[in-house]
Amino acid sequence: MKRKIIYAFLIVFAISAGYYNHWYTRYFYALPRTASGIAYKTITTGNGKKAQPGEWVQLSLTIKVRPNTNEKDIKNKKETILFCSLNEAQPYLIKIGNKMKTNAKLVEMLGMMEEKKHMVFMCSSKVYMSEVPADQLEETLKNMGLNEDDELIVDIKIERVMTEIEQEHLIEAQRKEQAMKDRRLIQAYLTKHGITATETPSGLFYIVDRVSKGGKPICPKNVVKIHYIGKLLDGTVFDTSLKEVAKEHGIYHPQKPYQPIKFQVGSGSVIPGWEEGALLLKINEKARWFIPSGLGYGNQAAGPLIPANTVLIFDIEVVDVCD
């Protein structure tokens, strides 16, 4: 009988200890803390290679927020994701150095790590934003939807430590890979719709739908006025200078002046695909440009309708060309 009681006690103890340990480690109680107030836990060890000033780290980074509530509600605390590098179009890279534009607490966390190491850190929003001036902290946190005593959980794994040259090679390889992907997408679209277009060395495809015989060609430094309809490969219209088109596709904004866009060629005020495409046309011509992402917005999203690394199509009409 005593043996059964002892066994039962040991089982209950093991379950209780496991449950306690889960919540103990899960919420960082009594874990080591840095002098600046960051709790930390090592998930997997690294290979000993630490990033030096001037080098780059490629990392997986997730930042979650857990609203501060009473300890009684610990099991009901819901975490929400503030940032996840896995959602980015390109590998997440940070350059190590004294003049980093990265948050100081993130710099401190990275300084505790090495290649292949996986760690989880935790601190309050106020601690994480310690470099923000006191008179700006409240407004900064408000813009992020945070309170100063909310808990931030920063999950980091350094995938690779690279020199400046290695980082440049990585970016160039990614650029070439994306350019090839965009080219295949454009060619597939043209084939599907029976379109014969001309390709430039940069990867821009274009077709002139209305030729202007004897019209004034566009030259660098010309100021041009162009009507346009911007579309994605799936036909989604994301922007236009034509009011009727905007209303038809549900993107009409009453405050927007629907008129030809005016810009100086070569000034850098428009995306590279527009700069190049404009020089291929004359006044009064209509054309279609098929712009790879590298000549568009690259690996950055542009508003809610244009994801990162997106091929763009523009229906163009050159309204005027001025010296």
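Quick caveat, the model's predicted, so the values are computed rather than measured.

On to the overall build of the chain. If you tally the helices and strands in the chain, you get seven helices and 13 strands. For the chain, the residues scored as buried account for 38% of the 323 residues in total. The contacts of the chain with a sequence gap of at least 6 include a subset with a gap of at least 24, amounting to 69%. As presented, the chain carries roughly 19100 Å² of accessible surface, and 54% of it is formed by carbon and sulfur atoms.

Glancing now at the side chain of Lys117. Inspection of the secondary structure assignment puts Lys117 in the loop between helix H2 (104-111) and strand E5 (118-124). Here Lys117 sits buried without a salt bridge, and the closest side chain of opposite charge, Glu114, lies 5.1 Å off (N-O distance). Beyond its immediate chain neighbours, meaning those up to four positions away, Lys117 contacts Thr42, Thr44, Thr45, Gly46, Met112, Ile156, Lys157 and Ile158.

Turning our eyes to something else, we now look at the layout of surface pockets. Here the largest pocket defines a volume of roughly 450 Å³. Surrounding the largest pocket, 24 residues form its lining, Arg175, Gln178, Ala179, Ser293 and Gly294 being those nearest its centre. Element by element, the count of residues in the lining of the largest pocket is highest for helix H5 (residues 164-192), at eight residues. Its residues placed into classes, the lining of the largest pocket shows nine nonpolar, eleven polar and four charged.

Take the packing of aromatic side chains next. With the rule as written, the count across this model stands at nine aromatic pairs. Between Tyr228 and Trp274, the ring centres sit 5.5 Å apart and the planes meet at 80°, which makes this aromatic pair edge-to-face. Of this pair, Tyr228 sits in strand E9 (residues 223-232) while Trp274 is found in helix H7 (residues 272-278), placing the two residues 46 residues apart along the sequence. The same class applies to Tyr228 and to Trp274, which are both buried. When the centroid spacing of 5.4 Å and the interplanar angle of 20° are considered together, the rings of Tyr252 and Tyr258 count as stacked. A residue is classified by how much of its surface remains accessible, and Tyr252, at 30% relative accessible area, is partly exposed. Clustering of aromatic rings is evident, with ring pairs tying together Tyr228, Phe238, Phe263, Trp274, Trp289 and Phe314. One Lys or Arg, Lys247, reaches over the ring of Tyr252 and ends 5.0 Å from the middle of that ring.

On the surface, Glu138, Glu139, Glu148 and Asp149 cluster together into a negatively charged patch. The residue Glu139 is located in helix H4 (residues 134-143) in this model. Note on Glu139: relative accessible area 46%, which makes it partly exposed.

We now examine unusual backbone geometry. One non-glycine residue, Lys116, adopts positive backbone phi at about 75°. Structurally, Lys116 can be placed in the loop between H2 and E5. Residues other than glycine seldom take positive phi values, yet Asn284 does so here, at roughly 75°. Take Asn284: its relative accessible area is 41%, and that puts it in the partly exposed class.

Looking now at the side chain of Arg66. For Arg66, the position within the fold is in strand E2 (residues 56-66). On the accessibility criterion, Arg66 (0% relative accessible area) is buried. At 3.2 Å, the side chain of Arg66 forms a polar contact with the side chain of Glu79.

Bringing the pattern of salt bridges into the picture now. Tallying each qualifying case throughout the model produces ten salt bridges. The closest approach of N and O atoms between Glu164 and Lys95, which form a salt bridge, is 3.1 Å. Of this pair, Glu164 sits in helix H5 while Lys95 is found in strand E4 (residues 92-95), placing the two residues 69 residues apart along the sequence. Given the relative accessible area of 29%, Glu164 is considered partly exposed. On the basis of relative accessibility, which here comes to 36%, the residue Lys95 falls in the partly exposed class. Between Arg175 and Glu172 there is a salt bridge, and its shortest N-O distance comes to 2.7 Å. Here the residue Arg175 and the residue Glu172 both occupy positions in helix H5, the gap between them amounting to three residues, near one helical turn. By relative accessible area, Arg175 is classed as partly exposed at 48%. Taken together, the shared-partner salt bridges connect Lys64, Arg66, Glu79 and Glu151 into one network.

Reading guide: rules and limits
- Residues numbered from 1 in each chain as written.
- Predicted model: local features only at pLDDT ≥ 70, side-chain atom pairs only at ≥ 80, totals over all residues.
- Heavy atoms only, no water.
- Helix = DSSP H or I, 4+ residues; strand = E, 2+ residues; numbered from the N terminus.
- Buried < 20%, exposed > 50% of the residue type's maximum accessible area, 1.4 Å probe, protein only.
- Contact = heavy atoms within 4.5 Å.
- Areas by Shrake-Rupley, 256 points an atom, 1.4 Å probe, with all protein chains shown as cover.
- Lys, Arg positive; Asp, Glu negative; His and termini not counted.
- Salt bridge = Lys/Arg side-chain N within 4 Å of Asp/Glu carboxyl O.
- 1 Å grid on protein atoms, 1.4 Å probe; cavity = no way out; pocket = protein on both sides within 12 Å on 5 of 7 lines; lining within 4 Å.
- Points joined across faces, edges and corners; volume = space filled by probe spheres on them.
- Nonpolar A, V, L, I, M, F, W, Y, C, P; charged D, E, K, R; others polar.
- Phe/Tyr/Trp six-rings, centres within 6.5 Å; stacked < 30°, edge-to-face > 60°.
- Lys NZ or Arg CZ within 6 Å of the ring centre and 35° of its normal.
- Patch = residues over 30% accessible without salt bridge, like charges linked within 9 Å, V, L, I, M, F, W, Y side chains within 5 Å.
- Charge placed at Lys NZ, Arg CZ, Asp CG, Glu CD.
- Polar contact = N/O pair within 3.5 Å; in protein donor to acceptor, adjacent residues only side chain to side chain.

These values are about where atoms sit, not about what they do.
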